[in-house]
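# Residue-level structure breakdown
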Amino acid sequence: MNSELLNAVLSGVPMPLVLIGADQSLKLLNAPATEMFGSGMEGRHYFSVLRQPAILDAISRVYSSKERQEARYSAKDHAQETLYRVICAPVQNGSGLGVLVSLEDVTSFETAGQMRRDFVANVSHELRTPLTAILGFIETLRGPARNDVEARDRFLETMEREAERMNRLVDDLLSLSRVETEERVRPTQLQDLQDLVQAVCHSLRPLAESAGVEVVINAPLPEAQKRVQGDADQLMQVFTNLIENAIKYGSSGGRIEIDIVLVPRDPIMRAPGLQVDVRDFGAGIDSIHLHRLTERFYRADNHRSRDLGGTGLGLAIVKHIANRHRGRLKIASDLGKGSCFSIVLPISGP
């Protein structure tokens, strides 16, 4: 194969490729490799260009063993880290043994794998606590508290609460799975946001009354401007999560205000939309937590959230539903002044 054809073949490969000759100098770099290591590198010794110890060791092993070698290394650019799978393959030509080095970006695969491992670990942790409590109470009821009616009733009440917590967790996991499955399918039916918000507030009225919270809905828009394309069940799930959270965590403020307002042009969506603000006047959330609140199982106040029955998945579900509707979730909070959770949905268009 002549050098012109070889250059054309290497240029057509999207991953960085570096061809090293028998004299251990760089012979060819395709465009991605040139972008990665710089231009004008041909003719230089591979030690002075590649520099990564993992790659250098793998290349050295190819020259000594004449067998393919693999390595992994990470490159950091500012705060971003890129993970590479490096394959060093022996190449025999007329001048002797060379090495073809390819670098495959596996960051997305590694990230997805880590996310799966973290998810399994988090689910296991969330289930282990109530299961351990239930098993402990069963053992106690079979032993020391077998004939203690008062203790039995107290333990059974706690076991019921823990079982309900596990049931909520399973429901939220199934809901999150469904939302992620449908995330790329755009809803087509028109929904009246005020009707959905009012229905949710009606269903949560007992919870609000028991917490001593007044819920006020402000929706000054004409009826025709309160409609968006959406999935009614999923939008009600969004409003249920946001309003229920406001009642549980912002009850000290005594009231919740829900505003439905027209946004002439949202800067992120670059389109007009409807914004539903759920504002409480409770303790608020420290700003250090705000950017992580939509992560699965993340809680700003771990013990309080568990005590109130939270699964740590509610806002993650809200975010995915907003994504499916081509909208977005906004969070603002000040300690001692309350929090505002807003969902913005496009009125029309893709």
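Notes on the structure in this doc start here.

About the thresholds
- Every chain is numbered on its own, with residues counted from 1 as its sequence reads.
- The predicted origin of the model limits local features to residues at a pLDDT of at least 70 and limits the giving and counting of side-chain atom pairs to 80 or more, whereas totals for whole chains, interfaces and linings rest on all residues.
- Each side-chain value is derived from all of the structure's non-hydrogen atoms; neither hydrogens nor water enter the calculation.
- Two strands form a pair only when DSSP identifies at least two bridges running between them.
- Strands are runs of DSSP state E lasting at least two residues, helices are runs of H or I lasting at least four, and both sets are numbered from the N terminus onward.
- Only the stretch in contact is used when a helix axis is fitted, and all axes are lines through C-alpha atoms; the angle between N-to-C directions ranges over 0 to 180 degrees.
- By definition, residues are in contact when any of their heavy atoms lie within 4.5 Å.
- Two rings belonging to Phe, Tyr or Trp (six-membered ring only in the last case) form a pair when the distance between their centres is within 6.5 Å. Interplanar angles under 30 degrees mark stacking, angles over 60 mark edge-to-face geometry, and anything in between is tilted.
- Partly exposed residues are those whose accessible area sits between 20% and 50% of the maximum for their type, while under 20% is buried and over 50% is exposed, using a 1.4 Å probe and protein chains only.
- The residues that make up patches have over 30% relative accessible area and no salt bridge, and they are joined within 9 Å when like-charged or within 5 Å when they are Val, Leu, Ile, Met, Phe, Trp or Tyr.
- Residue burial considers only the protein chains on display, and all accessible areas are found by Shrake-Rupley using a 1.4 Å probe.
- The rule for a salt bridge is simple: a side-chain nitrogen of Lys or Arg has to be within 4 Å of a carboxyl oxygen of Asp or Glu.
- His is not counted, nor are the chain ends; Lys and Arg add positive charge and Asp and Glu add negative charge.
- To locate a charge, the coordinates of NZ of Lys, CZ of Arg, CG of Asp or CD of Glu are taken.

Let us now look at the sheet that holds strand β12 (residues 338-346). Spatially, β7-β9-β10-β12-β11 is the arrangement adopted by the 5 strands of the open sheet, whose pairing is mixed. A single partner strand is all that each edge strand has here, and the edge strands are β7 (214-218) and β11 (328-334). Sheet twist, expressed as the average angle between the axes of neighbouring strands with direction ignored, equals 20 degrees. Across 7 bridges, the pairing between β11 and β12 is antiparallel. Looking at the pairing, Ile 331 lines up with Phe 341 of β12. Seen against the sheet, helix α9 (residues 232-249) touches β9 (255-266), β10 (271-280) and β12 and runs at an angle of roughly 30 degrees to β10.

Glancing now at the packing of aromatic side chains. Under the definition given, this model contains 4 aromatic pairs. Both rings, one in Tyr 46 and one in Phe 47, keep their centres 5.0 Å apart while their planes meet at 50 degrees; by these two values the pair is tilted. Of the residues examined, Phe 47 reaches a relative accessible area of 46% and is grouped as partly exposed. Judged by centre distance (4.9 Å) and plane angle (25 degrees), the ring pair of Phe 137 and Phe 155 falls under stacked. Residue Phe 137 is found in helix α5 (residues 107-142), and its partner Phe 155 is found in helix α6 (residues 149-181); the two are separated by 18 residues along the sequence. You'll find Phe 137 and Phe 155 in the same group, each marked buried.

A contiguous patch of negative charge, built from Asp 148, Glu 150, Asp 153, Glu 157, Glu 160 and Glu 164, is present on the exposed surface. Within the fold, Glu 160 resides in helix α6. The partly exposed category is assigned to Glu 160, whose relative accessible area is 48%.

Once that is clear, we can look at unusual backbone geometry. A positive phi is found at Arg 51, a non-glycine position, where the angle reads about 65 degrees. Its identity as a non-glycine residue notwithstanding, Arg 326 has a phi of 60 degrees, on the positive side. Along the chain, Arg 326 falls in the loop between α12 (314-324) and β11. We classify Arg 326 as partly exposed; its relative accessible area is 33%.

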